[in-house]
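# Structural overview
Chain residues, written in single-letter form:
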Amino acid sequence: MPEAAGIGGDGLPDARDAVTIGVSITVPEPYGSAIQDARAGHGDPRARSIPTHVTLLPPTALPADRLPEVEKHLLAVAAEHRPFPMLLRGSGSFRPVSPVVFVRVDGGAQECRELEAAVRSGPLARELAFPYHPHVTVAHDLADHVLDEAYEKARDFRAAFTVPGFSLSRFGPDEVWRPWRDYPFGA
């Protein structure tokens, strides 16, 4: 069977290629679709290309040959953490610093901070443009009146669930984020 361009027989990109990855907690159904639908309803062009999530590692470019090292690191991080309850409730915004409206992580924020610090270490150590603040984006880079509307509509949002682990995602050439590997806690 012929291999896809740039993909080796092991399913990994050729070592000479760069990949863009991210690490996140997936917001489960039905909440994930509800937030994604709200994001699309506000006219956010990225709504359908980004699964609903809480970021642990923002988009990070690295050589493809570093993926095995990254996966080993993420396995170790997941093994050291346990499932935890998460409560998403109400709206927040990063304006005027950044044109983002989000649903707040009301419960589980401390666990997210600890997890983010562990993920963003070792082979994934990097500086951030802004201090880490766990959240779920509802609207991004839209007109002020749309951001205001998104903020108001998200005020009553509430979701409670257990976080069983996190995912490594890849940014595709079609500019869509796709989950690639899951890392259950305690594995």
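Residues numbered from 1 in each chain as written. Predicted model: local features only at pLDDT ≥ 70, side-chain atom pairs only at ≥ 80, totals over all residues. Heavy atoms only, no water.

Time to look at helix 2 (residues 67–79). Here helix 2 spans 18 Å end to end across 13 residues, near enough to the 18 Å set by a 1.5 Å rise per residue. Every buried residue of helix 2 is listed here: Leu 67, Val 70, Glu 71, His 73, Leu 74, Val 77 and Ala 78. Looking straight down helix 2, one finds that the buried residues subtend no more than 160° of arc, so they occupy a single side. Exposed positions of helix 2 whose direction lies more than 90 degrees from the buried face are Lys 72 and Leu 75. Summarising the contacts, the buried residues of helix 2 are in contact with strand 1 (18–26), strand 2 (53–63), helix 3 (109–119), strand 7 (165–171) and strand 8 (177–184). (Helix = DSSP H or I, 4+ residues; strand = E, 2+ residues; numbered from the N terminus. Expected span 1.5 Å × (residues − 1). Buried < 20%, exposed > 50% of the residue type's maximum accessible area, 1.4 Å probe, protein only. Arc of directions from axis to C-beta. Contact = heavy atoms within 4.5 Å.)

With respect to the secondary-structure elements, Val 163 resides in strand 6 (residues 158–163). The class of Val 163 is buried, set by a relative accessible area of 1%. Linking Val 163 and Arg 82, residues 81 residues apart in sequence, is a C-alpha distance of 8.7 Å.

Attention now moves to the layout of surface pockets. There is about 1,100 Å³ of room inside the largest pocket. If you go around the largest pocket, you meet 39 residues; those closest to its centre are His 53, Thr 55, Pro 58, Pro 59 and His 135. Contributions of two or more residues to the lining of the largest pocket are made by strand 1, strand 2, strand 5 (135–140), strand 7 and strand 8. Looking at the lining of the largest pocket element by element, the count peaks at six residues for strand 2. (1 Å grid on protein atoms, 1.4 Å probe; cavity = no way out; pocket = protein on both sides within 12 Å on 5 of 7 lines; lining within 4 Å. Points joined across faces, edges and corners; volume = space filled by probe spheres on them.)

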